[in-house]
Amino acid sequence: MSAVLEQFLNENLQELKEKGLYNEIDPLESPNGPVITIKGKTLINLSSNNYLGLATDERLKKVAMEAVAKYGVGAGAVRTINGTLDLHVKLEETIAKFKGTEAAIAYQSGFNCNMAAISAVMDKNDAILSDELNHASIIDGCRLSKATIIRFNHSDMDDLRKKAKEAKESGKYRKIMVITDGVFSMDGDIAKLPEIVEIAKEFDLIVYVDDAHGSGVTGKGAGTVKHFGLEKEVDFQIGTLSKAIGVVGGYVAGKKNLIDWLKVRSRPFLFSTAVTPADAAAAAKAIEILMESTELNDRLWENGRYLKQGLKDLGFDIGHSETPITPCIIGDEKLTQLFSKRLYEEGVYAKAIVYPTVPRGTGRVRNMPTAAHTKEMLDQALSVYEKVGKELGIL
Ligand SMILES: *Cc1c(COP(=O)(O)O)cnc(C)c1O
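The rules behind these values
- Residues numbered from 1 in each chain as written.
- Predicted model: local features only at pLDDT ≥ 70, side-chain atom pairs only at ≥ 80, totals over all residues.
- Heavy atoms only, no water.
- UniProt positions renumbered as here; feature names shortened; annotations may be inferred.
- Patch = residues over 30% accessible without salt bridge, like charges linked within 9 Å, V, L, I, M, F, W, Y side chains within 5 Å.
- Areas by Shrake-Rupley, 256 points an atom, 1.4 Å probe, with all protein chains shown as cover.
- Salt bridge = Lys/Arg side-chain N within 4 Å of Asp/Glu carboxyl O.
- Helix = DSSP H or I, 4+ residues; strand = E, 2+ residues; numbered from the N terminus.
- Buried < 20%, exposed > 50% of the residue type's maximum accessible area, 1.4 Å probe, protein only.
- Arc of directions from axis to C-beta.
- Contact = heavy atoms within 4.5 Å.
- Axes fitted to C-alpha atoms, helices over the stretch in contact; angles between N-to-C directions.
- Parallel < 35°, antiparallel > 145°, perpendicular 65-115°, else oblique.
- Nonpolar A, V, L, I, M, F, W, Y, C, P; charged D, E, K, R; others polar.
- Pairing = 2+ DSSP bridges.
- Domains from an automatic or database assignment.
- Buried area = accessible area lost by both parts, 1.4 Å probe.
- Phe/Tyr/Trp six-rings, centres within 6.5 Å; stacked < 30°, edge-to-face > 60°.
- Near = heavy atom within 4 Å.
- Polar contact = N/O pair within 3.5 Å; in protein donor to acceptor, adjacent residues only side chain to side chain.

As annotated in an unreviewed UniProt entry, the protein carries the name Putative 2-amino-3-ketobutyrate coenzyme A ligase and comes from Caldibacillus debilis GB1. Comment text from UniProt for the protein, heading Cofactor (unreviewed entry), reads "pyridoxal 5'-phosphate". If you open the UniProt record of the protein and go to Subunit (unreviewed entry), you find "Homodimer."

Following this line, the structure appears as structure tokens:
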């Protein structure tokens with residue numbers, strides 16, 4: 001290895017470890033369900049994004065296996081050459097129906113989708129107003145577009161209005177876009193979309209909502225845009241097929257001409273192979289299940305409310321979540337890591353989330369209850385939380 005690289009890696013890894021910021025990855029020996037196995041140990045799982053338990057749903061497994069039997073394991077090419085299977089088309093039609101839009105385009109992941117969609121429309125002559133807590137993939141997608149990035153304070157509508165006005169009146173930009181997460185994943189709060197849309201109308205902004213954590217969760221499952229009834233006002237509805245949908249992939253839902261443009265101009269669609277037949281079939285099935293019934297969604301919210309109330313009653317700071325996402329804010333990074341480690345030893349898997357994923361000094365253990373958890377599992381987790389909280393002097 002090059003001496004320069006060796007020194008760079010040693011110094012930086014050492015620094016992260018000393019600061020308690022080095023993340024150890026624990027491979028699972030089981031499906032990512034409500035109970036998981038790591039190194040032979042059984043744990044109650046409060047860290048997945050598998051909100052509705054669909055990652056292990058028998059109906060999805062069945063259509064995935066049928067897709068493998070009929071089409072094989074790979075799409076064989078990028079979508080624009082001949083990697084578009086009828087399964088991909090069906091998936092996109094299903095997404096459009098689910099989101100109440102004219103059309104949709106599917107990508108390989110939500111991350112990839114933000115890399116693709118922003119820079120297909122925005123360039124160096126444009127500006128993007130971006131919530132300071134937006135997801136990393138939005139930040140990277142904005143940077144890739146070379147547009148001027150103007151950050152506004154988190155969900156601060158006065159700040160957004162002021163910055164939108166300045167940008168518009170400066171006359172410096174051809175197009176201006178506002179981008180926000182639909183649901184903010186670290187705190188579980190919902191974007192103020194009605195106000196954002198109002199400001200967008202006032203200053204002629206393109207509206208881009210990445211609802212990765214909202215889809216399948218808010219709006220009885222249909223997502224945050226539908227929750228507010230703003231399907232006509234939001235230009236880009238972004239989502240992922242990897243969280244509540246339980247598979248993998250990302251998408252944009254919107255007007256047909258927007259989707260037509262993305263199909264000829266978004267680079268990951270043109271230059272990276274499509275998701276596998278099994279993925280496309282399973283994701284379409286998951287969305288069909290969501291459109292047919294709110295049963296899983298109802299159970300998710302019920303479990304979310306139950307866990308939240310339980311942690312609050314114990315005396316934990318659970319922040320201001322409006323969704324099933326339930327942070328337990330500890331503060332200090334090292335104490336947060338220790339708390340998570342002790343939960344693990346006692347049989348609860350709830351991952352520590354620290355800087356740089358969240359601001360310094362706001363380290364937290366984030367709990368993701370799902371539709372697949374039972375009350376018994378949540379009660380058991382709560383009793384472990386109580387024990388460890390008291391032991392570490394947090395309660
Ligand atoms: C998780 C997430 C993504 C990435 O989605 P993947 O499909 O896992 O790549 C993108 N945007 C937001 C807001 C997310 O929360």
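J.: So what's going on with a nonpolar patch on the surface? Residues and values would help.
T.: Judged by side-chain polarity, Met-1, Leu-5 and Phe-8 come together as a nonpolar surface patch covering roughly 340 Å² of accessible area. Here Met-1 shows up in the segment before helix H1 (3-18). Classification of Met-1 as exposed rests on a relative accessible area of 67%.

J.: Break down helix H8 (residues 193-203) for me, citing the residues and quoting the values.
T.: Since the α-helix turns once every 3.6 residues, residues separated by three or four places project in the same direction. Of all the positions in H8, only Leu-193, Ile-196, Val-197, Ile-199, Ala-200 and Phe-203 are classed as buried. Seen along its axis, H8 keeps its buried residues to an arc of 160°; they face one direction. Tucked inside the fold, the buried residues of H8 contact helix H7 (157-170), strand E6 (176-181), strand E7 (206-210) and helix H9 (224-227). Of the residues one or two after H8, Asp-204 is the one with positive phi, at around 60°.

J.: Please provide a residue-by-residue account of the packing of helix H5 (residues 110-121) against helix H10 (residues 256-265), values included.
T.: Each pair of packed helices can be summarised by the angle the axes make with each other and by the distance between the axes. Running from amino to carboxyl end, H5 crosses H10 at an angle of 105°, the nearest separation of the two axes being 10 Å. Considered as vectors, H5 and H10 are oriented roughly perpendicular to each other. On H10, the residues touching Ala-117, Ala-120 and Val-121 of H5 are Leu-258, Trp-261, Leu-262 and Arg-265. Here the contact of H5 with H10 is built from residues that sort into 6 nonpolar, no polar and 1 charged.

J.: Tell me about the pairing of strand E9 (residues 250-254), and please be specific about residues and values.
T.: By the criterion of burial, E9 is predominantly enclosed, with 5 of the 5 residues buried. Across 5 bridges, the pairing between strand E3 (residues 103-107) and E9 is antiparallel. Across the sheet, the residue bridging to Ile-105 is Val-252, located in E9. With 4 bridges connecting them, strand E8 (residues 236-240) and E9 associate as antiparallel partners. When the bridges of E9 are listed, Thr-240 appears paired with Gly-250.

J.: If you had to explain the UniProt feature "domain: Aminotransferase class I/classII large" (unreviewed entry) in the protein to someone new, which residues and values would you point to?
T.: Following the UniProt record, one finds the feature "domain: Aminotransferase class I/classII large" (unreviewed entry) at residues 42-383. Taken end to end, residues 42-383 is 46% helix and 16% strand, and its first and last C-alpha atoms sit 16 Å apart.

J.: Outline the pattern of salt bridges, supporting the account with residue identities and numerical values.
T.: Applying the stated criterion across every chain yields a total of 27 salt bridges. For Lys-351, the salt bridge goes to Asp-26, with nearest N and O atoms at 3.9 Å. Pair noted here: Lys-351 is in the loop between strand E11 (348-349) and strand E12 (352-353) and Asp-26 is in the loop between H1 and strand E1 (35-38), with a separation of 325 residues, a long-range link. For Arg-342, the salt bridge goes to Glu-346, with nearest N and O atoms at 2.9 Å. Within the structure, one salt-bridge network assembled from shared partners comprises Lys-341, Arg-342, Glu-345, Glu-346, Lys-387 and Glu-391.

J.: Give a detailed account of the domain arrangement of the protein, specifying residues and quantitative values.
T.: Looking at the assigned domains, one finds that the protein contains domain 1 (19-48 + 294-392) and domain 2 (58-292). A straight line from the C-alpha centre of domain 1 to that of domain 2 covers 27 Å. Each partner contributes to the interface: domain 1 provides 19 residues, whereas domain 2 provides 16 residues. Summing both partners gives a buried area of about 1400 Å² for domain 1 against domain 2, and 59% of it is carried by carbon and sulfur.

J.: If you had to explain the packing of aromatic side chains to someone new, which residues and values would you point to?
T.: For the structure shown, the criterion picks out 6 aromatic pairs. Ring centres of Tyr-107 and Phe-269 lie 6.1 Å apart, and the angle between their planes is 75°; on these two criteria the pair is classed as edge-to-face. With a gap of 162 residues between them, Tyr-107 in strand E3 and Phe-269 in helix H11 (residues 267-271) connect regions that are remote in the sequence. On the basis of relative accessible area, Phe-269 is assigned to the buried category, the value being 5%. Note on Tyr-344 and Tyr-349: the rings are 6.1 Å apart at their centroids and 65° apart in plane angle, and the pair reads as edge-to-face. When sorted by exposure, Tyr-344 lands in the same class as Tyr-349, which is buried. Taken together, the ring pairs in this structure connect Phe-316, Phe-339 and Tyr-385 into an aromatic cluster.

J.: Now, about the sheet that holds strand E13 (residues 363-367): what can you tell me, with residues and values included?
T.: Spatial ordering of the open sheet is given by E10-E13-E12, a layout of 3 strands whose pairing is antiparallel. Single-partner strands in this sheet number two, and they are strand E10 (326-331) and E12. Relative to E13, E12 is paired through 2 bridges, and the arrangement is antiparallel. By the bridge assignment, Ile-353 is partnered in E13 with Arg-364.

J.: I'd love a proper account of the site of the ligand, names of residues and values included.
T.: The full set close to the ligand counts 14 residues, and Gly-110, Phe-111, Asp-210, Thr-240 and Lys-243 are the nearest of them. In the model, an oxygen atom of the ligand is placed 2.9 Å from a nitrogen or oxygen of the Phe-111 main chain. In this structure, Thr-240 approaches the ligand through a side-chain N or O atom, which is 2.6 Å from an oxygen atom. In isolation the ligand exposes 380 Å². Once the protein is present, 86% of that is buried. In the shell around the ligand, the residues fall into 2 nonpolar, 9 polar and 3 charged.

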